[in-house]
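# Structural overview for review
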Amino acid sequence: APMRCDRNGTIRMGGRFKNSSATDFRCWVGWQEDVSAAEPVNPFTLAGTTLTDNDAGNVWGLYYDSGATTDDFRAAGANNGTIFTASGTLGVASGGGVITADSYIIARVEMDTDGTGRAFIGYAGNDPHHTGINLVDTLPAGSLATAVLYHPILILVANTTGDPLFEVDYFWAQGGRD
């Protein structure tokens, strides 16, 4: 269900998912304002080192694109087409290893009532010590619009014309009610 930070308090969403291919994969897990049921759009694509905002309105979350020069999850957001990150550079997942085919990925994305955002990632199959999820990036207060209706979104698609298999173990979203 769509939620607003100014009405639902801190909103959180996440999931556990995997792909049969580590080299043919695009993913978005996060909050997205503009959503078309007929044609869901991954808010960001990354070809080589060029990040493209696909005009999904206000967004905050984690994306992965095997078309990038370096394959890893990144935290990013946009405010009506203007891409931003916490430090002016892309937040890159650290401490969790790299994505592996048929290995579960755990993600969580949060937004607070003051516009703060946090994104977490964990790699269940590459974490022999079961350290859980790691903070990827934090956006400071005021970064995210709070009076916007956000949809929790998980998009898993092929980057090429291949035919990878996707599996979602769980997907959830949470917000408070007044």
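Since the model is a prediction, treat every value here as computed from it, not as a measurement.

In this section: the overall build of the protein chain. Counting its secondary structure elements, the protein chain contains one helix and 13 strands. Start at the N end of the protein chain and walk to the C end: the helices and strands fall as α-β-β-β-β-β-β-β-β-β-β-β-β-β. With 178 residues in all, the protein chain has 47% of them scored as buried. Considering only contacts in the protein chain between residues 6 or more positions apart, those separated by 24 or more positions represent 66%. Here the protein chain displays about 8,000 Å² of accessible surface, and carbon together with sulfur accounts for 50% of that area.

On to the pairing of strand S5 (residues 59–65), then. The buried count for S5 comes to seven of seven residues, which makes it a mostly enclosed element. A two-sided burial pattern is seen for S5, the buried positions comprising Val-59, Gly-61, Tyr-63 and Asp-65 on one face and Trp-60, Leu-62 and Tyr-64 on the other.

Before going further, it helps to examine the pattern of salt bridges. Applying the stated criterion to the full structure yields eight salt bridges. Between Asp-169 and Arg-16 there is a salt bridge, with its nearest N and O atoms 2.7 Å apart. One end of the pair, Asp-169, is in strand S13 (residues 166–174); the other, Arg-16, is in strand S1 (residues 11–19), and 153 residues separate them in sequence. We classify Asp-169 as partly exposed; its relative accessible area is 39%. Classification of Arg-16 as partly exposed rests on a relative accessible area of 22%. Between Arg-118 and Asp-112 there is a salt bridge, with the nearest N and O atoms lying 2.8 Å from each other. By relative accessible area, Arg-118 is classed as buried at 19%.

Before going further, it helps to spend a moment on unusual backbone geometry. Its identity is not glycine, yet Asp-102 carries a phi of approximately 55°, on the positive side. By secondary structure assignment, the location of Asp-102 is in the loop between strand S8 (91–92) and strand S9 (105–111).

Counting buried positions over the seven residues of strand S10 (residues 117–123) gives seven, a clear majority of the element. Of the two faces of S10, the one lined by Gly-117, Ala-119, Ile-121 and Tyr-123 and the one lined by Arg-118, Phe-120 and Gly-122 are each fully buried. As consecutive antiparallel partners, S9 and S10 are separated by five residues, and within that stretch Gly-115 has a phi angle of approximately 90°, a positive value. With five bridges joining them, S10 and strand S11 (residues 134–139) adopt antiparallel strand pairing. In the sheet register, Ile-121 faces S11, and the bridge partner there is Asn-134.

To continue, consider the packing of aromatic side chains. Here the structure, examined in full by the defined rule, presents four aromatic pairs. With a centroid separation of 5.3 Å and an interplanar angle of 40°, the aromatic rings of Phe-25 and Tyr-64 are classed as tilted. You can see Phe-25 sitting in the loop between S1 and strand S2 (26–32) and its partner Tyr-64 sitting in strand S5, a full 39 residues away along the chain. Like Tyr-64, Phe-25 is buried. Taken together, Phe-17, Phe-25, Tyr-64, Phe-73 and Phe-166 form an aromatic cluster joined through their ring pairs. Positioned above the aromatic ring of Tyr-104 is the side chain of Arg-16, whose terminal nitrogen or guanidinium carbon lies 3.8 Å from the ring centre. Over the face of the ring belonging to Phe-120 we find Arg-108, whose NZ or CZ atom lies 4.2 Å from the ring centre.

What follows deals with the nonpolar core. Among soluble globular proteins, nonpolar side chains are generally buried collectively. Within the largest apolar cluster, 29 residues are counted, with the highest numbers of intra-cluster contacts made by Phe-17, Leu-62 and Phe-73. Of all the elements in the fold, those that place two or more residues in this core are S1, S2, S5, S9, S10 and S11. No other element matches the four residues that S9 contributes to this core.

Conventions and cut-offs
- Residues numbered from 1 in each chain as written.
- Predicted model: local features only at pLDDT ≥ 70, side-chain atom pairs only at ≥ 80, totals over all residues.
- Heavy atoms only, no water.
- Helix = DSSP H or I, 4+ residues; strand = E, 2+ residues; numbered from the N terminus.
- Buried < 20%, exposed > 50% of the residue type's maximum accessible area, 1.4 Å probe, protein only.
- Contact = heavy atoms within 4.5 Å.
- Areas by Shrake-Rupley, 256 points an atom, 1.4 Å probe, with all protein chains shown as cover.
- Salt bridge = Lys/Arg side-chain N within 4 Å of Asp/Glu carboxyl O.
- Pairing = 2+ DSSP bridges.
- Phe/Tyr/Trp six-rings, centres within 6.5 Å; stacked < 30°, edge-to-face > 60°.
- Lys NZ or Arg CZ within 6 Å of the ring centre and 35° of its normal.
- Core = buried A, V, L, I, M, F, W, Y, C linked by side-chain atoms within 4.5 Å.

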